[in-house]
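Topology and contacts: notes
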Amino acid sequence: LSDAEIYVRLCTKLNERGFHYRSYTLNSTKCQELANYYLGFNGWTKQIILLQNISGTEQLEDEEAKLLPSRNLKFLCAVEINFRNHAVHSRGVGVAEEDIENNKDPTEYIMKLRKVQKFAVQKAVSDAFQKVLLIILGNGKVAVEYRADNDESVDSLTIEELHGLIQVNDLSWTQAQQQREEEVLSDIS
């Protein structure tokens, strides 16, 4: 660069009353298209660090919700994006959830399972890209900067720490139903 100064200003829009607009994030597809356009197909990589089923980890508080026959699928995903030529990496986390109405249909279960996993990965990729700033200079060169909030702690964790972030016990469906029946019976007494 020459001696000319570069001014970069991060700003938010205000409406006529002085309130901030809600900022919307780009979806993962648009983020990847922008990265491919400005950095090239080999300018960045995406790695899934963690894709974990966290269905049934939260406690149901409503008694009626315990008796419903529907089943909930929930997945957590952690992704790392590396920008090789710029020595920058960013991590993102995404959670996706979907209800299954028919517990007996294995085809519906498999289709919803794949859909939830895909959405969790997409949310994680979008979250990782939100922490990166692509700076396009006047001469066509691109600089990549990492920009994260102060409360972000996912980027400082090791892969082992990410795997230990959430621990889910693996139960069979019949064991889970038996535990649910025992809980309902204990609530009645």
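Residues numbered from 1 in each chain as written. Predicted model: local features only at pLDDT ≥ 70, side-chain atom pairs only at ≥ 80, totals over all residues. Heavy atoms only, no water.

**Quick notes on the pairing of strand β2 (residues 71-83)**
For β2, the buried fraction is high: 10 of the 13 residues fall into the buried class. Looking at chain direction, strand β1 (residues 45-53) and β2 are connected through eight bridges and run antiparallel. Paired with Leu51 across the two strands is Cys77, which belongs to β2. Here β2 runs beside strand β3 (residues 88-100); their pairing, made up of 13 bridges, is antiparallel. (Buried < 20%, exposed > 50% of the residue type's maximum accessible area, 1.4 Å probe, protein only. Helix = DSSP H or I, 4+ residues; strand = E, 2+ residues; numbered from the N terminus. Pairing = 2+ DSSP bridges.)

**Here's the deal with a nonpolar patch on the surface**
Together, Leu26, Leu34, Tyr37, Tyr38 and Ile136 make up an exposed nonpolar region whose accessible area comes to about 500 Å². The greatest single-element share of the nonpolar patch, amounting to three residues, is contributed by helix α1 (residues 28-39). Along the chain, Ile136 falls in strand β4 (residues 132-136). (Patch = residues over 30% accessible without salt bridge, like charges linked within 9 Å, V, L, I, M, F, W, Y side chains within 5 Å. Areas by Shrake-Rupley, 256 points an atom, 1.4 Å probe, with all protein chains shown as cover. Salt bridge = Lys/Arg side-chain N within 4 Å of Asp/Glu carboxyl O.)

**Some points on the confidence of the model for the protein chain**
On average, residues of the protein chain score 76 in pLDDT, and 58% of them are at 70 or above. Long-range and interchain partners of residues 167-173, a stretch whose pLDDT sits below 50, account for nine contacts in this model, where long-range means more than four residues apart. (pLDDT = per-residue confidence, 0-100. Contact = heavy atoms within 4.5 Å.)

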